[in-house]
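Here is what each chain is made of, one letter per residue.
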Amino acid sequence: AFEKWAADYEARAIYHFAGGEVHPKASIGAIAGGVPFKVANSPIACSLYVDVRTPPGLTPRQIQKELRTMLDDTGIDYDLELFTTQMGYEGKGVEPIVKAISDAHEILAGKPLPPIDPVENSMWTDTNLYNELNIPAVKFGIGAALRAGPDGESRARSDRTA
């Protein structure tokens, strides 16, 4: 049931913004159940620990509500607890920073910034802490932009995030 919900969530919660897209992820990170020294006994309880990444504008409480609905539909008794939450944010007022990065990249790499890879853009980073406090912040990693790849071409990569 969780994997079905996760696939649906990942498809419908894509966040579009001027800098690209954020593709949220949901996965089971750990499972605990049974007693290791009594493996012949069937466990009476099992704990799933899930990681659900949220795009800007979607709150942990909204995710909790969706998970409750999904779990209710299974008919299984459960307890659901949020114990770590981190919101996603889109940087506001970051245009001057992005322009400076873009200009510098074009000078150094000899070409415009490439589109942002949604995989790189979908990672939660400390820039969210600044953006939550309305402090303009972006993430950029030039990576291998100035080194030639196997084909002899520059491998420019941008890590600007929402």
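In case you missed it, the structure is sitting above this.
Residues numbered from 1 in each chain as written. Predicted model: local features only at pLDDT ≥ 70, side-chain atom pairs only at ≥ 80, totals over all residues. Heavy atoms only, no water.

Focus: the pattern of salt bridges
Taken as a whole and judged by the stated rule, the model has 5 salt bridges. Salt-bridge contacts for Glu90 lead to Lys92; the nearest nitrogen and oxygen are separated by 3.9 Å. On the basis of relative accessibility, which here comes to 55%, the residue Lys92 falls in the exposed class. A single network of salt bridges, built from pairs that share partners, joins Asp8, Arg12 and Glu66. (Salt bridge = Lys/Arg side-chain N within 4 Å of Asp/Glu carboxyl O. Buried < 20%, exposed > 50% of the residue type's maximum accessible area, 1.4 Å probe, protein only.)

Considering a nonpolar patch on the surface
Together, Ile28, Ile31, Leu48 and Val50 make up a nonpolar patch on the protein surface, roughly 340 Å² of accessible area in all. Counting only elements with at least two residues in the nonpolar patch, the list comes to strand 3 (26-33) and strand 4 (46-52). You can see Leu48 is positioned in strand 4. (Patch = residues over 30% accessible without salt bridge, like charges linked within 9 Å, V, L, I, M, F, W, Y side chains within 5 Å. Areas by Shrake-Rupley, 256 points an atom, 1.4 Å probe, with all protein chains shown as cover. Helix = DSSP H or I, 4+ residues; strand = E, 2+ residues; numbered from the N terminus.)

A look at unusual backbone geometry
Positioned with a positive phi, Asn134 is a non-glycine residue whose angle comes to about 60°. Along the chain, the position of Asn134 falls in the segment after helix 5 (127-132).

Considering the layout of surface pockets
Within this model, the largest pocket holds a volume of roughly 1200 Å³. If you trace the largest pocket, you find 33 residues lining it, with Leu48, Tyr49, Val50, Leu80 and Glu81 closest to the centre. Top element by residues in the lining of the largest pocket is strand 4. It accounts for 7 residues. Residues of the lining of the largest pocket, tallied by class, amount to 21 nonpolar, 6 polar and 6 charged. (1 Å grid on protein atoms, 1.4 Å probe; cavity = no way out; pocket = protein on both sides within 12 Å on 5 of 7 lines; lining within 4 Å. Points joined across faces, edges and corners; volume = space filled by probe spheres on them. Nonpolar A, V, L, I, M, F, W, Y, C, P; charged D, E, K, R; others polar.)

Concerning the packing of aromatic side chains
Scanning the entire structure with this criterion turns up 4 aromatic pairs. On the basis of an interplanar angle of 35° and a centroid distance of 5.7 Å, the ring pair of Phe2 and Trp5 is categorised as tilted. Taken together, the positions of Phe2 and Trp5, both in helix 1 (residues 2-12) and 3 residues apart, correspond to about one turn of that helix. Here Phe2 matches Trp5 in class, with each residue buried. Residues Tyr49 and Phe83 carry aromatic rings whose centres are separated by 6.4 Å and whose planes lie at 80° to one another, so their mutual orientation is edge-to-face. (Phe/Tyr/Trp six-rings, centres within 6.5 Å; stacked < 30°, edge-to-face > 60°.)

Considerations on helix 1
For helix 1, the complete set of buried residues consists of Phe2, Trp5, Ala6 and Tyr9. An end-on view of helix 1 places all buried positions within 100° of arc, on one side of the element. Pointing more than 90 degrees away from the buried face of helix 1 are the exposed residues Glu3, Lys4 and Ala11. (Arc of directions from axis to C-beta.)

Overview of the nonpolar core
Counting residues in hydrophobic clusters, the biggest one holds 11 residues: Phe2, Trp5, Ala6, Tyr9, Ala13, Ala26, Val52, Leu58, Ile63, Leu67 and Met70. Mapped onto this core, the elements with two or more residues apiece are helix 1 and helix 2 (60-74). No other element matches the 4 residues that helix 1 contributes to this core. Once residues within four sequence positions are removed from consideration, Leu58 is found in contact with Tyr9, Ile63 and Met87. Val94, Ile101, Leu113 and Val138 belong to the second largest nonpolar core, which has 5 residues in total. (Core = buried A, V, L, I, M, F, W, Y, C linked by side-chain atoms within 4.5 Å. Contact = heavy atoms within 4.5 Å.)

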